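# Commentary on secondary and tertiary structure
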Amino acid sequence: MAFDKNQFDDIIREFTVDGGRLREIAADFRYDLQKGLENPAESSLRMLKSYVGLPTGAETGEYLALDFGGTNVRVLRIRLEGNGKFEVVRKVAKPLKVEGIYDFIGEGSTAEQMFDFIAGLVDEAVDGDHSTKYLLGHTFSFPSEQTNLYNAKLIIWTKEFATSGVEGQVVNDLLKAALHRQGLDNVEPTAVINDTVAVLLAAAYKQPDVYIGSIYATGHNTCYLEPYADSAEQPMILNLESGGFMKLIPNRLDQEFDQNSEKPGEQRLEKMVSGRYMGELFGMALAELLQEKGRSYGFTSIDMSNIILDDSAARSKTAEIVAAKTGHTLEKADCEMVQQLAQTLVIRSARLVTASYVGIIWQLAGSGKPQKQHIAIDGSVYEKMPLAKENILRALSELLGEEAADIDTVLENGGSGLGAAIAAAMSQK
Ligand code: BGC
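Treat the numbers as computed from the prediction; the structure is a model and nothing was measured.

Before going further, it helps to examine the side chain of Ser-50. Counting through the fold element by element, Ser-50 comes out in the loop between strand 1 (48–49) and strand 2 (60–68). Here the side chain of Ser-50 touches Ile-237 through a polar contact of 2.7 Å, landing on its backbone oxygen. The residues touching Ser-50, leaving out its near neighbours within four places in the chain, are Gln-146, Leu-149, Val-197, Met-236 and Ile-237.

What follows is the structure in structure tokens.
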């Protein structure tokens, strides 16, 4: 079958963000930041307080870190050695859902079941030791309203989680109760942070000049250190929940996809950029080209990555992936269009994410020159998706011109665990 070239061009156009639009999005993001600081009700950014600033790098001691933010939950025992050094002493990880066996993230599961499962993992991480005292830092990567470093209430599930009885609850209370049921009263949760905050803490533990932390993975979100320059307030990291940013122009497919998602109307930016959703949008667009509108075939961002990387002469890898998911066998010319579609989606994603970073950089700079800085990013899309990183850098230059020379991005791999340990250490102050 040969794709309809006009239809293909239209789809590519719909997924393209040109320079003018990119600049408008960055400016709108900055506007929402300003509004969010003055009056959060007028902003599409939640601007959630974390009750933590940046670490000094001199934090030391052994802590437990719970990293809970996607299907895979990890518990680590981490020794902070100061001077930006640390060692992971023990690490256990398990998925919250194994198809056909158990599922703690679906609607049918309860908060108790989910946290009992997590407490079981904590037990493994301490090797069944029910007497040594441990402080636990909890990276909980969902929008949560905090009143202090311990107390965070889940506002709303994202990333298609649906476990009942967690929204509106203080997550560390649920965890604490489960630890108690497990006989782990020696483990004390003292801090809960978003994964973006964890990334920023982890990066700032190791190096100076980091003020923005971001996750670019299954989900997407960014935090930054708000200096509160003209007020008596201490500098504090704010979790923007930027995945909820609204001032975008979602195209037809974005809108259709949103309507069929677990939470329509929520997380509009996230649904356009993150790994959890990109594969689905790609599949929806491909279905139109295959004249099977309405299907999406279950493509993942890993499929997209493999398609983009296919440099075989006949584009046979692409043909194979598409055939396995859709049942259609494509000619080389169509496979090349499929590759271009995947590239276009990744490039759009990277550009939108960058517009949000630049909105923050402009806001922090005020009317002056942006500060020299590293933007700390963790996540599979940033780390592994071809074209993501280079398009972030390209969009930074496009928006910041020469000033982009002072700004780069750093991979903060595993920041969710390390950041949780640092937050636990900082909770003692
Ligand atoms: C959540 C954020 C989180 C991000 C990355 C989003 O769905 O709302 O809290 O930081 O995913 O994990």
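There is more to say, and it comes next.
Right, let's get into the site of the ligand. What surrounds the ligand is a group of 15 residues, the closest being Thr-158, Lys-159, Asp-195, Glu-241 and Glu-270. With respect to the ligand, the side chain of Lys-159 contributes an N or O atom lying 2.7 Å from an oxygen atom. At 2.7 Å, a side-chain N or O of Glu-270 approaches an oxygen atom of the ligand. The protein chains hide 98% of the 310 Å² of surface that the ligand would expose on its own. Mapped onto the shell around the ligand, the elements with two or more residues apiece are helix 5 (195–206) and strand 12 (220–226). Within the shell around the ligand, the residues separate by chemical class into three nonpolar, eight polar and four charged.

For the rest of this paragraph, the subject is the pattern of salt bridges. Here the idea is simple: oppositely charged side chains can pair when their charged atoms come close. Applying the stated criterion to the full structure yields 35 salt bridges. Residues Glu-87 and Arg-79 are paired through a salt bridge, measuring 3.0 Å at the closest nitrogen-oxygen approach. When its relative accessible area of 31% is taken as the criterion, Arg-79 is described as partly exposed. A salt bridge links Asp-258 to Lys-271, with the nearest nitrogen and oxygen atoms 2.7 Å apart. Here Lys-271 lies in helix 7 (residues 268–273) and Asp-258 lies in helix 6 (residues 252–259), a separation of 13 residues in the sequence. No difference in accessibility class separates Asp-258 from Lys-271, as the two residues are buried.

Let us look at the pairing of strand 12. Counting buried residues in strand 12 gives seven out of seven residues, a clear majority hidden from the surface. In this antiparallel pair of consecutive strands, strand 11 (residues 210–216) and strand 12, the connection spans three residues.

Turning our eyes to something else, we now look at the nonpolar core. The tendency in soluble globular proteins is for nonpolar side chains to be buried side by side. Within the largest apolar cluster, 75 residues are counted, with the highest numbers of intra-cluster contacts made by Tyr-216, Phe-282, Leu-286 and Leu-341. Beyond its immediate sequence surroundings of up to four residues, Leu-286 is in contact with Phe-3, Tyr-297, Phe-299, Val-322, Thr-326, Val-338 and Leu-341.

Within the open sheet, the five strands sit side by side as 4-3-2-7-10. Their pairing is mixed. The open sheet is flanked by strand 4 (85–95) and strand 10 (187–193), the only strands paired with a single partner. Averaged over neighbouring strand pairs, the angle between their axes works out to 25° when direction is ignored. Where strand 7 (residues 134–140) meets strand 10, six bridges bridge the pair, whose relative direction is parallel. Residue pairing across strands places Gly-137 opposite Ala-191, the latter belonging to strand 10. Lying over the sheet, helix 3 (residues 111–125) contacts strand 2, strand 3 (72–82), strand 4, strand 7 and strand 10, oriented at roughly 135° with respect to strand 4.

For helix 1 (residues 5–14), every residue scored as buried is listed here: Gln-7, Phe-8, Ile-11 and Ile-12. Taken end-on, helix 1 shows its buried residues confined to a sector of 135°, consistent with a single buried face. For helix 1, the exposed residues lying more than 90 degrees away from the buried face are Asn-6 and Arg-13. The inward-facing, buried residues of helix 1 abut helix 6, helix 8 (275–289) and helix 11 (332–365). The backbone nitrogen of Asn-6 lies 2.9 Å from a side-chain oxygen of the residue at the head of helix 1, namely Asp-4.

Basis of the calculations
- Residues numbered from 1 in each chain as written.
- Predicted model: local features only at pLDDT ≥ 70, side-chain atom pairs only at ≥ 80, totals over all residues.
- Heavy atoms only, no water.
- Helix = DSSP H or I, 4+ residues; strand = E, 2+ residues; numbered from the N terminus.
- Polar contact = N/O pair within 3.5 Å; in protein donor to acceptor, adjacent residues only side chain to side chain.
- Contact = heavy atoms within 4.5 Å.
- Near = heavy atom within 4 Å.
- Areas by Shrake-Rupley, 256 points an atom, 1.4 Å probe, with all protein chains shown as cover.
- Nonpolar A, V, L, I, M, F, W, Y, C, P; charged D, E, K, R; others polar.
- Salt bridge = Lys/Arg side-chain N within 4 Å of Asp/Glu carboxyl O.
- Buried < 20%, exposed > 50% of the residue type's maximum accessible area, 1.4 Å probe, protein only.
- Pairing = 2+ DSSP bridges.
- Core = buried A, V, L, I, M, F, W, Y, C linked by side-chain atoms within 4.5 Å.
- Axes fitted to C-alpha atoms, helices over the stretch in contact; angles between N-to-C directions.
- Arc of directions from axis to C-beta.

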